[in-house]
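# Per-entry structural report
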Amino acid sequence: MPDICKTDLQKAISYLDEAAKLYDALPMQKCKCRAHMITQLTNKFKTKYTNDKK
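Analysis parameters
Numbering of residues starts from 1 in each chain and follows the order in which that chain's sequence is written. In view of the model being predicted, local features appear only for residues whose pLDDT reaches at least 70, and side-chain atom pairs are presented and counted only at 80 or more, with totals across whole chains, interfaces and linings using the full set of residues. The side-chain figures draw on all heavy atoms in the structure; neither hydrogens nor water molecules are used. What counts as a helix is a DSSP run of H or I of at least four residues, what counts as a strand is a run of E of at least two, and both are numbered from the N terminus. A helix's residues, less one, multiplied by 1.5 Å, set its expected span. Burial status follows relative accessibility: with a 1.4 Å probe on protein chains alone, a residue under 20% of its type maximum counts as buried, one over 50% as exposed, and anything between as partly exposed. Throughout, the arc means that of the directions going from the helix axis to the C-beta atoms. By definition here, a salt bridge exists when the distance from a side-chain nitrogen of Lys or Arg to a carboxyl oxygen of Asp or Glu is within 4 Å.

## A few points about helix α1 (residues 6-25)
Across its 20 residues, α1 extends 29 Å between first and last C-alpha, which sits within 8% of the 28 Å expected from 1.5 Å per residue. For α1, the full list of buried residues reads Leu9, Ile13 and Ala20. Burial along α1 is one-sided: seen end-on, the buried residues are contained in an arc of 40 degrees. The exposed residues of α1 that point more than 90 degrees off its buried face are Thr7, Tyr15, Lys21, Leu22 and Ala25.

This is the structure:
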């Protein structure tokens, strides 16, 4: 299985950030929770990405 390159990870983070913004803009609580979970996931990816750069 091929490794995920940093460019792919950056693109995935960007897409997830946009998705979180869309979910957060919706009035339903379910969507707010989903936005929070996506944000937590992107933060984890960002941490992994910055640790790999070192």
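Additional details are given in the paragraphs that follow.
## Things to note about the pattern of salt bridges
Pairing is possible between side chains of opposite charge, provided their charged atoms come close. Evaluated as defined, the whole model comprises three salt bridges. With its nearest N and O atoms 3.4 Å apart, the salt bridge here joins Asp17 to Lys46. On the criterion of sequence distance, the pair formed by Asp17 in helix α1 and Lys46 in helix α2 (residues 29-53) is long-range, its members being 29 residues apart. Assessed through its relative accessible area of 24%, Asp17 is described here as partly exposed. The salt bridge involving Glu18 is made with Lys21; its shortest N-O contact spans 3.7 Å. Of this pair, Glu18 and Lys21 both sit in helix α1, separated by three residues, roughly a single helical turn. On the basis of relative accessibility, which here comes to 43%, the residue Glu18 falls in the partly exposed class. For Lys21, a relative accessible area of 55% gives the class exposed.

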